[in-house]
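# Examining the three-dimensional arrangement
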Amino acid sequence: MDTVNVQDLAVNDLAWMIDYSYDLCVHCGACVASCSFNAISFVAQHTLLPPELPKSSKKLAQKIIVKQSTDPTKICCGCGICAKVCPCGAITPIHNPHNREPFLNQAQGPRRRGGRGNLSKKRTLDALFVGRISQMTDPPLDAERHTFDLRAPFGRVLAAKDLPLEVHGNSLRVCASHPPVAWIYPLIFSDMSIGALSTRAWEAIALATGYLNEECGLPVRMCSGEGGVPQNLLTSDKLAYTILQIASGHFGWNRIVRAIPQMRTDPAGVLIKIGQGAKPGDGGWLSANKVSPHIQAIRGVPQTTLHSPPNHQGLYSIEESVQKMHLSLNQAFGFRVPVAIKCAASSTSVAVYNNLLRDPYRICGGFFLDGLDGGTGAANTVALNHTGHPITSKLRDCYRAATTQGLQGQIPLWVGGGLGMHADAAADAFKLICLGANGVFVGRVLLQLLGCVGNEHGRCNQCHSGKCPTGICTQDIRLVQRLDVDRGAENIVNFVLNFDRELKKLLAPVGNSSLPVGRSDALITNDWAIAQSLGIAFAC
Amino acid sequence: MCRIGAIKSRSPQSPKAALQLMLPQQEGHDSSGFAMVMQDLYGAFAHDKEKPLLSMACTVRGLALVNEYMDHHGFAQLGQWVPDVCKDKSLNIHAMPRYVFRNYDYPEIFHYRSQAEREDLLMDTRLALRELLHKEKAGFVYSFWPDVLTLKEIGDPADIATYFGLWQDNCRLSAKNIVVQCRQNTNYDIVRYAAHPFFLQGFTLCVNGENTFFTRNREYQKSLYRGYLGFESDSQTLLYTLHYVLRELKWPLPYFKHVITPLPYDEQKKRHDADVLLLIRESLANLEINGPNALIALLPDKTMISCCDAKKLRPCVIGHDDDMAVISSEVSGLNVLLPNRDISCDIYPTERELVAIDDNLEITRWIQ
């Protein structure tokens, strides 16, 4: 028996194995040229001569084949770009369920990647159904014929008794200032920065946002993420559709602050990012190979790996956050722009929300809760797979905490984290709204609309590497060229229009023309424990 | 579906008129209950109109408990009306052993207190009696307010009227305002508290419809005011919203309509008073109804109002002549009470309209 070194990597140790057919291959080279990970290459392989050929002195011949690399720096991630470009159907990656990659990775230090958690989890949202249907007690609406009023508040809402209203005869008049509240579409494009995304991907989302606002009449807002904003957007009218994000790295804010005097319109809002559902407790992370010259310019940094701290420097309590960040950011825009806060869902979320609700300045304009099914551009795998809090019960906890005090709706609840994972974003949104959310935010689904091929089962997830094969999460100019901005934006626009139609299709049978925020009686579940936890009806 | 109606008249009307209004609409209700609130009373309660009138149905034990409570808290009984009930066993009525309709004088010290304090006392007393009777399973208290009488019972409305002698021309009950409903709310247990009209501190309200935003209305109102409780019917929340907007916030009447059926956002934005409407919508989003509803309400100043949901999914019609205005779910009821009215003057409130009839029978129509 021959000796074997079992530590050597073989293809069958890897998570993805290339299924290659020499007979179909025409050796055009498209697959090799398009693999951004250099996971495949042409090699000359010895082969026995077929027996039917005339006998000669040479028994061996060579043929040129595509071969998968076992170099740890060039491992196939299963993205399937090779299959996409192959004109002959000669190559495709196949998932290897017997792979040893997780263990091999453990031997090479903490593994980092992008995407979502890869451990399969049961989603609460999938156990909920819209079970309260209008059947003769009241008429269902016609989703095609009735008008629907799908708007959500973004900003600090005052209790009616605190409104600055005076009675003049038979009418009311506003007699003093009050916090700004914008009524926007109940879907926000979540915070994904320039840097994490390619400029083209970010531009596609911004284009879609503008089109939805100006051509479709849907006031959808886009959050910039913590990576700065292009100067020409800062000084354009389109800024009105953009929520500026400030996170612990403050990246890009030097430019933003300097641009304030030149702004022709106020931004749609400011979102203070405290944490993120995909990797709660971690700050942002952008590897040096994604910090290309234009990213350096917009963020005002040298080329280096950019770590945002896990918390905002100098903020050690909720009260401080209100008094320092909320007040100063409100003041920066003349108290005309809602300032909201985004936290990773956590066992402590209710405490945070209660504190904000009771804040005497009444200055927090929204509580964004991000659940553990959210995505990220880069994180430690252990964080992605093992930290976080499901969004559904935490949203419900926060809503009920506010309800107990009669404060529901005063700080709008916006939730996200894995919405639309199964391409049912409208259904997910509707259920969360019934449980108390004012609106939802989505991120990863937008990337999938742009062409992202990653999934929750380990496919690709290379957002951190700078080698994104779809040109979405990379700054490599050759890869970015693969992304068609206009088609990407069109996909996102069509997604939102469909989201709108599907939302109406869910509103119509429950007989509502405006958002049923907190209408938990519209939901049922076939899971007894979920029914108890969320306070909704059990059905079987 | 239940049917609702209301009469506002220059001269006092007996409950017979209310029955004549409702019975032609019988195809629209299931004859499972009858309830009415009378305001600006004559007949048995023509005097002592400023003294609070207790309306309740109870057991013998319940009556003893109430007597003890009222004595203990300094209320002195004045007049009362004891119905001469017809105990014919063929009548379809779930009768209680005792029905109490009696005036009380305020406790001595409250003669020197403000009107607001008296009003709080009356509500707190009613809530205390309600709790007392509920705990002992001894009865139901419907209203305790000057010049207001409430009668509710489960059964066939015609039989209930026979039981209480309401068909008789010499019935000692009469009032210039009557709000009435036939049938209970079938979404919930058939209990007396679930029967409209509902009453709170001078506000009376009944609704035909289904409040699809009941859950969020209720969750919000629970902590809004101590008098907002019960919620045996999804329509009760509309009474509380009316009370909150007019009495607690002291906003003009048209804003009640803006609260329960706010204009679509795009329409609000174009209005000259957009700033006010947006603020109201933001703050009171939890009081929106968004369901098929038609409502009739009677205010403390005896103004009678009516309006519908924003899609006008439930009907309502108002007819009137020189001496009487009548609101009804169906025009068939109007035709019995006001056969000679000018039907071209009938008002069918639109989905954006609020109609108010003041004590001089002057009708005001507000378009949102």
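Residues numbered from 1 in each chain as written. Chains lettered and ligands numbered in written order. Predicted model: local features only at pLDDT ≥ 70, side-chain atom pairs only at ≥ 80, totals over all residues.

### A look at the overall build of chain B
- Tallying secondary structure elements over chain B gives 10 helices and 16 strands in all.
- Whereas a compact globule of 368 residues would reach a radius of gyration of roughly 21 Å, chain B reaches 20 Å, a difference of no more than 12%.
- When the 368 residues of chain B are sorted by exposure, 53% land in the buried category.
- Counting contacts in chain B only where the partners sit at least 6 residues apart, residues at least 24 apart contribute 75% of the total. (Helix = DSSP H or I, 4+ residues; strand = E, 2+ residues; numbered from the N terminus. Rg over C-alpha atoms; globule rule 2.2 N^0.38 Å. Buried ≥ 20, exposed ≤ 12 C-beta atoms within 10 Å, placed from the backbone. Contact = placed C-beta atoms within 7 Å.)

### Description of the overall build of chain A
- A count of helical and extended segments in chain A gives 16 helices and 23 strands.
- Relative to the compact-globule value of 24 Å for 540 residues, chain A shows a C-alpha radius of gyration of 26 Å, a close match.
- Going through the 540 residues of chain A one by one, you find that 50% of them count as buried.
- Partitioning the contacts of chain A with sequence separation of at least 6, the portion at a separation of at least 24 is 77%.

### Brief notes about the confidence of the model for chain B
- Averaged over every residue, the pLDDT of chain B is 93; residues scoring 70 or more account for 97%.
- Here the complex is predicted with pTM 0.94, and the ipTM for its interfaces comes to 0.92. (pLDDT = per-residue confidence, 0-100.)

### Quick word on the sheet that holds strand E13 (residues 317–320) of chain B
Residue and element names in this part refer to chain B.
- Ordered by their spatial adjacency, six strands build an open sheet running E7-E2-E8-E1-E14-E13, and the pairing between neighbours is antiparallel. The open sheet is flanked by strand E7 (148–154) and E13, the only strands paired with a single partner. Across this sheet, the average inter-strand angle for adjacent strands is 15°, counted without regard to direction.
- Bridge count for E13 against strand E14 (residues 324–328) is four bridges, and the pairing is antiparallel. Each residue of the ladder has a partner; that of Val317, found in E14, is Ser328.
- Set on the sheet, helix H1 (residues 15–22) makes contact with strand E1 (3–13), strand E2 (33–43), strand E8 (173–182) and E14; between it and E1 the angle comes to about 145°. (Pairing = 2+ DSSP bridges. Axes fitted to C-alpha atoms, helices over the stretch in contact; angles between N-to-C directions.)

### As for helix H15 (residues 485–510) of chain A
- Taking 1.5 Å as the rise per residue, H15(A) with 26 residues should run 38 Å; its terminal C-alpha atoms sit 38 Å apart, in good agreement.
- Positive backbone phi, approximately 80°, marks A:Gly511, located one or two places after H15(A). (Expected span 1.5 Å × (residues − 1).)

### Focus: the interface of chain B and chain A
- Of the residues lining the interface, 33 residues belong to chain B; the matching set on chain A comes to 38 residues.
- Looking at the side of chain B that touches chain A, the elements with two or more residues in it are helix H5 (214–221), helix H7 (254–260) and helix H9 (274–283) of chain B.
- For the side of chain B that touches chain A, a count of residues per class yields 16 nonpolar, eight polar and nine charged. (Nonpolar A, V, L, I, M, F, W, Y, C, P; charged D, E, K, R; others polar.)

### Re the packing of helix H4 (residues 199–214) of chain A against H15(A)
Residues and elements named next belong to chain A.
- As a packed pair, H4 and H15 sit with axes 8 Å apart at the nearest point and diverge in direction by 45°. The orientation of H4 relative to H15 falls into the category oblique. Like other packed secondary-structure pairs, H4 and H15 cross with a definite hand, here right-handed. Residue-level inspection shows Arg200, Glu203, Ala204, Ile205, Leu207, Ala208, Tyr211 and Leu212 of H4 in contact with H15, the latter providing Val485, Gly488, Ala489, Ile492, Val493 and Val496.
- Grouping the constituent residues of the contact of H4 with H15 by class yields 11 nonpolar, one polar and two charged. (Parallel < 35°, antiparallel > 145°, perpendicular 65-115°, else oblique. Left-handed = near helix turned anticlockwise from the far one by under 90°.)

### With respect to the pairing of strand E15 (residues 353–357) of chain B
Residues and elements named next belong to chain B.
- The sheet contact formed by strand E12 (residues 304–308) and E15 spans four bridges and is antiparallel. In the sheet register, Cys307 faces E15, and the bridge partner there is Leu354.
- Pairing of E15 with strand E16 (residues 363–367), which is carried by five bridges, proceeds in the antiparallel orientation. From the neighbouring strand, Ala356 faces E16, where its bridge partner is Thr364.

### Some thoughts on unusual backbone geometry
- Residue B:Pro197 is reached from B:His196 by a cis peptide bond, and omega for that bond is 0°.
- When you line up the elements, B:Pro197 lands in the loop between E8 and strand E9 (198–200).
- Positive phi outside glycine occurs at A:His27, with the angle close to 60°.
- If you trace the backbone, A:His27 turns up in the loop between strand E1 (16–20) and helix H1 (30–34).
- For A:His27, a count of 14 C-beta atoms within 10 Å corresponds to the partly exposed category.
- Positive phi values are uncommon outside glycine, yet A:Phe335 reaches one of about 60°.
- You can see A:Phe335 is positioned in the loop between helix H8 (318–332) and strand E17 (339–344).

### A short note on the sheet that holds strand E4 (residues 76–80) of chain B
Residues and elements named next belong to chain B.
- One open sheet accounts for four strands, arranged E4-E5-E3-E6; its pairing is antiparallel. Strands at the two margins of the open sheet, each flanked by one partner only, are E4 and strand E6 (139–146). Neighbour-to-neighbour, the strand axes of this sheet turn through a mean angle of 30°, independent of strand direction.
- In this structure, strand E3 (residues 52–58) lies alongside strand E5 (residues 98–105), joined through six bridges in antiparallel fashion. Note that in E5 the partner of Leu54 across the bridge is Arg102.
- Against the sheet, helix H2 (residues 60–72) contacts E3, E5 and E6, and its axis sits at roughly 10° relative to E5.
- Each of E3 and E6 is contacted by helix H3 (residues 115–135), which is oriented at about 170° to E6, the strand it contacts most.

### Observations concerning the environment of A:Ser120
- Here A:Ser120 lies in the loop between strand E5 (112–115) and strand E6 (128–130).
- Sequence separation between A:Ser120 and A:Pro153 is 33 residues, and the spatial gap between their C-alpha atoms is 34 Å.

### A word on the domain arrangement of chain A
Residues and elements named next belong to chain A.
- Looking at chain A, the domain boundaries give domain 1 (11–109) and domain 2 (126–151 + 168–538).
- Computed from C-alpha coordinates alone, the two centres of domain 1 and domain 2 are separated by 41 Å.
- Each partner contributes residues to the interface: domain 1 has eight residues there, and domain 2 has nine residues. (Domains from an automatic or database assignment.)

### Remarks on the nonpolar core
All names here are of chain A.
- Grouped together as the largest cluster of nonpolar side chains are 148 residues, with contacts concentrated most on Ile205, Phe367, Leu369, Leu395, Ala429, Val440 and Ile492.
- The biggest single contributor to this core is H15, with 12 residues.
- Apart from residues no more than four positions distant in its own chain, Leu369 is found in contact with Cys343, Ala345, Ser349, Ile391, Lys394, Leu395, Cys398, Leu413 and Val415. (Core = buried A, V, L, I, M, F, W, Y, C linked by C-beta atoms within 7 Å.)

### With respect to the environment of B:Ile318
Residue and element names in this part refer to chain B.
- Secondary-structure assignment places Ile318 in strand E13.
- Residues Ile318 and His73, spaced 245 residues apart in sequence, show a C-alpha to C-alpha distance of 43 Å.
- If sequence neighbours within four positions are ignored, Ile318 has contacts with Ser306, Ala325, Ile327, Asp346, Ile347 and Val355.

### A short note on H2(B)
- Helix length check: H2(B) (13 residues) gives 18 Å between terminal C-alpha atoms against 18 Å at 1.5 Å per residue, within 8%.
- Directly after H2(B), the chain includes B:Gly74, whose backbone phi takes a positive value near 85°.

### Examining the packing of helix H9 (residues 349–358) of chain A against helix H11 (residues 391–404) of chain A
All names here are of chain A.
- Contact geometry of H9 with H11 gives a least axis separation of 9 Å together with a crossing angle of 35°. The handedness of the crossing between H9 and H11 comes out as right-handed. On H11, the residues that touch Ser349, Val350, Tyr353, Asn354 and Leu357 of H9 are Lys394, Asp397, Cys398, Ala401 and Ala402.
- Of the residues assigned to the contact of H9 with H11, the class counts are six nonpolar, two polar and two charged.

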